[in-house]
Amino acid sequence: VGGGPTGVELAGELFDLAEDVTRPHVGTYPRLKGNVKVVLCHSGSELVPQFEEPLRLEALKSLEKKGVQVILNTRVMEVGDGYAKLS
């Protein structure tokens, strides 16, 4: 939750961790491959709004290229076991 510097970095690192632990023959949990999804939800219209536009665009492009789902202009209203309610 949150498209500031910490949220963007955390989403990218979580995705990398999930990829590492689900690799066949190397990862600890290969049976989870394809069952882990990283979603970054941000209430603003752009990620890392305090940075210049080229960096904002690169942050979005980099996360999406990895496979992180980025949802902009949306707030997280509630989180429960297995779900998140968005506005």
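Data block above holds the structure.
It should be emphasised that the depicted structure is a prediction, and the values quoted were computed from it without experimental measurement. (Residues numbered from 1 in each chain as written. Predicted model: local features only at pLDDT ≥ 70, side-chain atom pairs only at ≥ 80, totals over all residues. Heavy atoms only, no water.)

Peer 1: When you look at the overall build of the chain in this model, what are you seeing that I'm missing?
Peer 2: The number of helices and strands found in the chain is 2 helices and 4 strands. For the chain, the N- to C-terminal ordering of α and β elements is α-β-α-β-β-β. Going through the 87 residues of the chain one by one, you find that 25% of them count as buried. Expressed as a percentage of contacts within the chain between residues at least 6 apart in sequence, the contacts between residues at least 24 apart total 58%. Averaged over its 10 positive side-chain charges, the chain has a centre that lies 5 Å from the centre of its 12 negative ones. (Helix = DSSP H or I, 4+ residues; strand = E, 2+ residues; numbered from the N terminus. Buried < 20%, exposed > 50% of the residue type's maximum accessible area, 1.4 Å probe, protein only. Contact = heavy atoms within 4.5 Å. Lys, Arg positive; Asp, Glu negative; His and termini not counted. Charge placed at Lys NZ, Arg CZ, Asp CG, Glu CD.)

Peer 1: Looking at this structure, I do not really get the pattern of salt bridges. What am I missing?
Peer 2: Two side chains bearing opposite charge may form a pair once their charged atoms approach each other closely. In total, this model carries 4 salt bridges according to the counting rule given. Ionic pairing is found between Lys33 and Glu19, a salt bridge with its closest N-O pair at 3.1 Å. Of the two residues, Lys33 is situated in the loop between helix 1 (5-21) and strand 1 (39-41) and Glu19 in helix 1; the sequence distance between them amounts to 14 residues. When its relative accessible area of 40% is taken as the criterion, Lys33 is described as partly exposed. Residues Arg56 and Glu46 are paired through a salt bridge, measuring 3.1 Å at the closest nitrogen-oxygen approach. In this pair, Arg56 sits in helix 2 (residues 53-66) while Glu46 sits in the loop between strand 1 and helix 2, placing the two residues 10 residues apart along the sequence. Judged by relative accessible area, Glu46 falls into the partly exposed class, the value being 30%. (Salt bridge = Lys/Arg side-chain N within 4 Å of Asp/Glu carboxyl O.)

Peer 1: How should I be thinking about helix 2 in this particular structure?
Peer 2: The periodicity of an α-helix, 3.6 residues per turn, causes residues three or four positions apart to be oriented the same way. An ideal rise of 1.5 Å per residue puts 20 Å on 14 residues; helix 2 measures up with 20 Å between its terminal C-alpha atoms. Along its buried surface, helix 2 packs onto helix 1, strand 1 and strand 2 (69-71). Positive backbone phi, at 120 degrees, marks Gly67, one or two positions downstream of helix 2. (Expected span 1.5 Å × (residues − 1).)

Peer 1: What is the right way to look at unusual backbone geometry in this model?
Peer 2: What is expected of a backbone is that most residues other than glycine have negative phi and most peptide bonds are trans. Unlike most non-glycine residues, Val48 shows phi in positive territory, near 35 degrees. Among the secondary structure elements, Val48 is positioned in the loop between strand 1 and helix 2. Looking at Val48, the relative accessible area reads 5%, which means it is buried. Phi at Asn73 takes a positive value of approximately 55 degrees, unusual for a residue other than glycine.

Peer 1: Would you take a moment to explain the packing of helix 1 against helix 2 for this structure?
Peer 2: Between two packed helices, the angle of one axis relative to the other and the distance separating the axes together describe the packing. Packing of helix 1 against helix 2 leaves a shortest axis separation of 10 Å and a crossing angle of 20 degrees. Classified by the angle their axes make, helix 1 and helix 2 are roughly parallel. Handedness of the helix 1/helix 2 crossing: left-handed. Facing helix 1, whose interface residues are Val8, Ala11, Gly12, Phe15 and Asp16, helix 2 presents Ala59, Leu63 and Lys66. Residues that form the contact of helix 1 with helix 2 fall into these classes: 5 nonpolar, 1 polar and 2 charged. (Axes fitted to C-alpha atoms, helices over the stretch in contact; angles between N-to-C directions. Parallel < 35°, antiparallel > 145°, perpendicular 65-115°, else oblique. Left-handed = near helix turned anticlockwise from the far one by under 90°. Nonpolar A, V, L, I, M, F, W, Y, C, P; charged D, E, K, R; others polar.)

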